[in-house]
Amino acid sequence: MKIFLTKFYAFLRKDIKIGLSYKFNILIQILAIFFVVSIIFFSLNSTNNQISNSSSIEQNYEFFQVLIGIALIDFMFSSMSVFAREVRLAQTYGTFETLMITNTSILTILLSSYALTFSRSILRILIYILLGKFIFGLAISFGNIPAFLFLVIYSAIPFIGIGLIAASFIILFKVGNIITLFTGLTSIFFSGIFFSIESLPSVFADISNNLPLTIGLDLAKEALVGGISVKQVYPGILVIFYQIALLIPTSILLVYYSLKIAKKNGSLNFY
């Protein structure tokens, strides 16, 4: 574990140095977050004012739900796409086979490549929260942020498994984005973030209630606003645990299997 953390930190330092060399890009990302949040806030306010005379508290709560939903979607796509992207880039540049002959395992390399993406995603979530509290006046308790972050990270672990599966497909078949795209769009559609699932047939509600994005959204939202007890989060955490137990071992096996096949057919270093 100590060796893994050392290499994880080394990857993080390397990626941070590369990222900081593009200072203008960092500014653009911050402005983009502020722009998206502003568009959602003013759009919801305009819609609510036209449709009903709902109170400012109800309007802020609706905005808060969408805001947290976007933060989780951002974290979800980052968790799924980073591994496939790193494998694709390494194969495109012809460095993937060189990485494979080092003493570092493929899982350590892939998970360490997630270091900067993970840190950046957490930072973006915190920016969303700060914008919601100080710019748009949402009632957010800072004391609940640790529990909120834990639930966000925990609910994203199944998507890490899906990301590793996508990476294994890229290693083997040179395609994989279709997996992350399909999973991402399905999760967003059934999450209830942008429209109520109650308006759809009841069978969709069963699908929605078992998706990690939906569960994570409900748990994280309640944790950040008012706090929740272990008894409240236990059913959702258990469902996500079953998904983690299925997806993570399966994804690890697929990564090593795809490497074995790619080495045999000589396509390891091509994309």
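Coordinates for the structure precede this section.
Residues numbered from 1 in each chain as written. Predicted model: local features only at pLDDT ≥ 70, side-chain atom pairs only at ≥ 80, totals over all residues. Heavy atoms only, no water.

**Student:** Describe the overall build of the protein chain, naming the residues involved and giving the relevant values.
**Tutor:** In terms of helices and strands, the protein chain carries eleven helices and zero strands. Listed N to C, the secondary structure of the protein chain is α-α-α-α-α-α-α-α-α-α-α in terms of helices and strands. Intrachain contacts of the protein chain at a sequence separation of at least 6 include 77% that bridge at least 24 residues. In the structure as shown, the protein chain presents an accessible area of about 14,500 Å², 70% of it carried by carbon and sulfur atoms. (Helix = DSSP H or I, 4+ residues; strand = E, 2+ residues; numbered from the N terminus. Contact = heavy atoms within 4.5 Å. Areas by Shrake-Rupley, 256 points an atom, 1.4 Å probe, with all protein chains shown as cover.)

**Student:** Tell me what's going on with the packing of helix α10 (residues 212-225) against helix α11 (residues 230-265), and back it up with residues and numbers.
**Tutor:** Two numbers describe how α10 lies on α11: the axes approach to 10 Å, and their chain directions differ by 155 degrees. In terms of their interaxial angle, α10 and α11 are classed as roughly antiparallel. α11 is crossed by α10, and the crossing has left-handed handedness. Only Gln232, Val233, Gly236, Ile237, Val239, Ile240 and Gln243 of α11 make contact with α10, whose side of the interface consists of Pro212, Ile215 and Leu219. Among the residues forming the contact of α10 with α11, the class breakdown is seven nonpolar, three polar and no charged. (Axes fitted to C-alpha atoms, helices over the stretch in contact; angles between N-to-C directions. Parallel < 35°, antiparallel > 145°, perpendicular 65-115°, else oblique. Left-handed = near helix turned anticlockwise from the far one by under 90°. Nonpolar A, V, L, I, M, F, W, Y, C, P; charged D, E, K, R; others polar.)

**Student:** So what about empty space enclosed by the protein? Which residues, and what values?
**Tutor:** Counted by the stated rule, this structure contains one cavity of 30 Å³ or more. Reported here for the largest cavity is a volume of approximately 50 Å³. Around the largest cavity sit Leu72, Phe75, Met76, Val152, Ser155, Ala156, Phe159, Pro212 and Leu213, which together line it. For the lining of the largest cavity, the secondary-structure elements that each account for two or more residues are α3 (56-93), α7 (145-173) and α10. With four residues, α7 is the single largest residue contributor to the lining of the largest cavity. (1 Å grid on protein atoms, 1.4 Å probe; cavity = no way out; pocket = protein on both sides within 12 Å on 5 of 7 lines; lining within 4 Å. Points joined across faces, edges and corners; volume = space filled by probe spheres on them.)

**Student:** A description of the nonpolar core should follow, citing residues and the corresponding values.
**Tutor:** Core analysis: the biggest nonpolar cluster contains 56 residues, and Phe83, Phe96, Ile125, Phe148, Leu213 and Leu224 have the highest contact counts within it. Sorting the residues of this core by element identifies α3, α4 (96-100), α5 (106-112), α6 (115-135), α7, α8 (177-189), α10 and α11 as the ones contributing at least two each. Not counting the four nearest positions on each side in its chain, Phe83 is found in contact with Leu110, Leu111, Ser113, Tyr114, Ile160, Gly163, Leu164 and Ala167. Core analysis: the second largest hydrophobic core is formed by eight residues, Ile215, Leu219, Ala223 and Ile244 among them. (Core = buried A, V, L, I, M, F, W, Y, C linked by side-chain atoms within 4.5 Å. Buried < 20%, exposed > 50% of the residue type's maximum accessible area, 1.4 Å probe, protein only.)

**Student:** Kindly report on the side chain of Ser112, identifying the contributing residues and their values.
**Tutor:** Looking at where Ser112 falls in the secondary structure, it is placed in helix α5. Polar side-chain contacts of Ser112 include one of 2.7 Å to the backbone oxygen of Thr108. Not counting residues within four places of it along the chain, the set of residues in contact with Ser112 comprises Phe4, Lys7, Phe8 and Phe11. (Polar contact = N/O pair within 3.5 Å; in protein donor to acceptor, adjacent residues only side chain to side chain.)

**Student:** Which residues make up the environment of Leu172, and what values do they have?
**Tutor:** Tracing the chain through its elements places Leu172 in helix α7. It is 9.2 Å that separates the C-alpha atoms of Leu172 and Lys260, two residues lying 88 residues apart in sequence. With sequence-adjacent residues up to four places away left out, Leu172 is seen in contact with Tyr257, Ser258, Ile261 and Ala262.

**Student:** How would you sum up the environment of Gly69? Please name residues and give values.
**Tutor:** By the element assignment, Gly69 lies in helix α3. What makes Gly69 buried here is its relative accessible area of 0%. Along the primary structure Gly69 and Ile188 are separated by 119 residues, whereas in three dimensions their C-alpha atoms are 8.9 Å apart. Those residues in contact with Gly69 that sit more than four places away from it in its chain are Ile193 and Leu217.

**Student:** Pulling in residues and values, what's your account of α10?
**Tutor:** A rise of 1.5 Å per residue sets the reference length of α10, with its 14 residues, at 20 Å; its end C-alpha atoms lie 20 Å apart and thus fit the reference within 8%. Taken together, the buried positions of α10 are Pro212, Leu213, Thr214, Ile215, Gly216, Leu217, Leu219, Ala220, Lys221, Ala223 and Leu224. (Expected span 1.5 Å × (residues − 1).)

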